[in-house]
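One-letter residues, chain by chain:
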There are 2 protein chains.
Amino acid sequence: MTTPGRTKTVGRISRAEQARATKAKLASAALDLFAKQGFAATSTRQIAETAGVSEGLIFHHYPTKLDLLLGVTSHHEVFGLKVRALMTDSKGVPVRGQLEALAQTFVSTLAPERKETMLVRVLLSEALTTPELGKLLHRTRETVIASIESYLQARIDEEELRSDLDPSVAAQGLLGALVWFFLTHQHLNPRAWRAQSRRYAQRLVDLWLRGALAEPRLSSSGSKVRRGASE
Amino acid sequence: MTTPGRTKTVGRISRAEQARATKAKLASAALDLFAKQGFAATSTRQIAETAGVSEGLIFHHYPTKLDLLLGVTSHHEVFGLKVRALMTDSKGVPVRGQLEALAQTFVSTLAPERKETMLVRVLLSEALTTPELGKLLHRTRETVIASIESYLQARIDEEELRSDLDPSVAAQGLLGALVWFFLTHQHLNPRAWRAQSRRYAQRLVDLWLRGALAEPRLSSSGSKVRRGASE
DNA sequence: GTCTATATGTTGATAGAC
DNA sequence: GTCTATCAACATATAGAC
C-alpha cells in the first residue's frame, strides 16, 4: 500500500526498531563466535556473515571491535546481581543449605556448552590483555565476594560460624574452589558434568564447614553427628 | 684440504652451539613478549626484533608460531614436578606445616611480575582456543592434583585427617582456592602481594583444616583449643 | 645459519552511493 | 541504516643469495 522508501515505518516496525534488531543480531552473532573461537581469532567479517549483514554495518553500530565485546558483555552482567540476591535473602535457611544453594548457582551458571559460560571464559582470557575488561571483571568479582562476605559476617555474629573465622578469606576460598573446578572441567559432557559438579559442590561445602582434621578422640564414643542424608 | 662440510668452528664456538644460542634467544624474547602482551597480540616481527635476529630465521628454528609457544612452555614445565617432590617428601612434618609449605610454593611461584607467572596466565588464556595447549595444561593440573591427593590419602590412613574426607575434593578445593586467589591479585605490587598472599595462604589452610562451623557448645566452658600462635 | 626480499592472505576500519 | 567497494597495515610463512 504505502510507497516503500518514502515512509519511516514498514508494516509495524519503525526504522529505529529495525536498527535495534540488527544491533542485537550482531551482538548475538559476536557472542557465539567469541565464545567458540575467542576474541582475537574472530574477525569482523565473520561476525557480519553470521549475522547476515554487511561488514561495514558493524562499525556503524559499534565503533570498534572491542566495543562489540563490551556491548555483549554488559548485556550478560547479571551474574553478580544473582549472587547478591541469593545471599541477601537468607531468612531461616541454615548455613549449609544456603551455601549449597550458592554452589548450585555456580553449577547451573557455569555449565559447559552454555553461552554464558563460554563468554566468561573468553572474558577471563581477554581480560589479561585488555585493561578495560580486567577492571570490569575485577569489579564483578568484588561484588560477588562482598555479598558472600557480608553473609558470612552475619552468620558469625549469630554464632553459627566460628568467631575467629576470617570472612574475607572464607569467601574467597570458597569462590575460588568453585570457579576453578568449573573452569577446569569444561571438557565433560553435560551428564557427567552435572553428576560430578553436584557431588563436588556438596562435598566442598561440607569440607568448608567441618574442616579436614580428624576429630580429636573424646571420652564418649559413637557421639559423632551423622550428616544430613538426602540427595 | 679444508673440507667445507666438515669443520666450521669460529673461535671456540661451533656453528651448532651458535644456533642453539640463537634458538634460546628467540625463546627468551618470545616468552617476554607473550607474557607482556599475550600470544595473539605478539607478532613474529616483534619477536625477531627483540631477539636481534631477522624475522625469517624464526621459522628456521620453529616451523610455526605455535611451536614457539610450545617450546617456551616445555622449558618451564617444572611446576608439576616441584609440587610432587614437595608432597612426596613429608617425613615427620605435621599436616598443617606441610600444607602451609604447599601454599608457600604457590606464593613464591605465582608472584606477580615474575616471568613464569605471566607465562602461566598466557597459557591459561591461550589454552581456551588451542586444544594442544589445553591438553598440556590439563595433564599438569592432574599431576599436581594427584600428588596432593595421595598425600592426603596417606594422612587419612594415619588418622590425622577425617576418615570420611574425600581426598579428591579436598585436593581440588585447596588448589582452586590457591590458584584463583593468586590469579586475581596480580595487580598488587610485590610488597602488598607478599603480605596479602601469605596471610591468605595461612588462613586458608587453617580454614581448610578446621572448618568454618562454630564449635558446638559443650558442657564445660573455656575448653576451646587456642590455635597455634606463631607468625 | 643467517639474512633480505617477497608471497599471500587477512585484518579492522572508512567513504560514499542508495 | 544499510550496502558495496576499497583502504593501508600487518600477519605468518617462504625462496634464494651469501
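Scroll up to find the structure.
Quick look at the structure, then. Remember, predicted model here, so these are calculated numbers, not experimental data.

What counts, and at which threshold
Residues numbered from 1 in each chain as written. Chains lettered and ligands numbered in written order. Predicted model: local features only at pLDDT ≥ 70, side-chain atom pairs only at ≥ 80, totals over all residues. Heavy atoms only, no water. Helix = DSSP H or I, 4+ residues; strand = E, 2+ residues; numbered from the N terminus. Contact = heavy atoms within 4.5 Å. Areas by Shrake-Rupley, 256 points an atom, 1.4 Å probe, with all protein chains shown as cover. Least-squares fit on C-alpha atoms with pLDDT ≥ 70 in both. Near = heavy atom within 4 Å. Polar contact = N/O pair within 3.5 Å; in protein donor to acceptor, adjacent residues only side chain to side chain. Expected span 1.5 Å × (residues − 1). Buried < 20%, exposed > 50% of the residue type's maximum accessible area, 1.4 Å probe, protein only. Buried area = accessible area lost by both parts, 1.4 Å probe. Salt bridge = Lys/Arg side-chain N within 4 Å of Asp/Glu carboxyl O. Nonpolar A, V, L, I, M, F, W, Y, C, P; charged D, E, K, R; others polar. Phe/Tyr/Trp six-rings, centres within 6.5 Å; stacked < 30°, edge-to-face > 60°. Lys NZ or Arg CZ within 6 Å of the ring centre and 35° of its normal.

Before going further, it helps to examine the overall build of chain A. Broken down by element type, chain A carries ten helices and two strands. Restricting to contacts in chain A with at least 6 residues of sequence separation, those with at least 24 account for 64%. As displayed, chain A has an accessible area near 12800 Å², and 54% of this comes from carbon and sulfur atoms.

This part is about the relation of the copies chain A and chain B. In the superposition of chain A on chain B (RMSD 0.1 Å, axial shift 0.0 Å), the rotation amounts to 180°. Here the two chains are linked by the operation of a two-fold rotation axis. Taking C-alpha positions as the reference, the residue of chain A nearest the rotation axis is A:Gly211, at 1.7 Å. The share of interface residues of chain A whose copies in chain B are also at the interface is 98%, consistent with both copies meeting through the same surface.

This part covers the protein's contact with DNA strand D. Taken together, 18 residues sit near DNA strand D, with A:Ser54, B:Ser43, B:Thr44, B:Glu55 and B:Lys65 positioned nearest. Atoms of DNA strand D within 4 Å of the protein belong to the sugar or the phosphate in 64% of instances, the rest to bases. The contact in question runs from a phosphate oxygen of DNA strand D to an N or O atom on the side chain of B:Ser43, over 3.3 Å. With respect to DNA strand D, the side chain of B:Arg45 contributes an N or O atom lying 3.4 Å from a phosphate oxygen. Sorting the residues of the surface near DNA strand D by element identifies α1 (15-37) and α3 (55-61) of chain A together with α2 (44-51) and α3 (55-61) of chain B as the ones contributing at least two each.

On to helix α1 (residues 15-37) of chain B. Residues and elements named next belong to chain B. Taking 1.5 Å of rise per residue, the 23 residues of α1 would be expected to cover 33 Å, and the 33 Å separating its terminal C-alpha atoms lies within 8% of that figure. Of the residues making up α1, those classed as buried are Thr-22, Leu-26, Ala-27, Ala-29, Ala-30, Leu-31, Leu-33, Phe-34 and Ala-35. As for α1, its buried residues are in contact with α2, α3, α4 (65-75) and α7 (115-126). Gly-38 sits one or two residues past α1 and shows a positive phi near 90°.

On the side of chain B, 47 residues touch chain A, which itself brings 47 residues to the contact. In this assembly, chain A packs against chain B so that about 4200 Å² is buried in total across both faces, 61% of it on carbon and sulfur atoms. One can count eight salt bridges joining chain A with chain B. Note that B:Asp206 is salt-bridged to A:Arg162, the shortest N-O span being 3.3 Å. On inspection of chain A and its partner chain B, the count reaches 23 residue pairs in polar contact (both at pLDDT 80 or more). Among the elements that take part in the side of chain A that touches chain B, helix α9 (residues 167-183) of chain A stands out by supplying eleven residues, more than any other. Residue classes in the side of chain A that touches chain B are distributed as 22 nonpolar, 13 polar and twelve charged.

This part takes up the packing of aromatic side chains. Throughout the structure, instances matching the rule amount to ten aromatic pairs over all chains. The rings of A:Phe106, A:Phe181, A:Phe182, A:Trp193 and A:Tyr200 are connected pair by pair, giving a single aromatic cluster. The ring of B:Tyr62 has B:Lys23 lying over it, and the distance from NZ or CZ to the ring centre is 5.2 Å. Directly above the ring of B:Phe39 sits B:Lys65, whose terminal nitrogen or CZ lies 4.6 Å from the centroid.

In the region of DNA strand C, 18 residues are neighbours, and A:Thr44, A:Phe59, A:Lys65, B:Thr22 and B:Ser54 sit closest. Here, DNA strand C places atoms within 4 Å of the protein, and 59% of those atoms are sugar or phosphate. A distance of 3.0 Å separates a phosphate oxygen of DNA strand C from a polar atom in the side chain of B:Thr22. The set of elements that each furnish at least two residues to the surface near DNA strand C consists of α2 (44-51) and α3 of chain A together with α1 and α3 of chain B. If one sorts the elements of the surface near DNA strand C by residue count, α1(B) sits on top with four residues.

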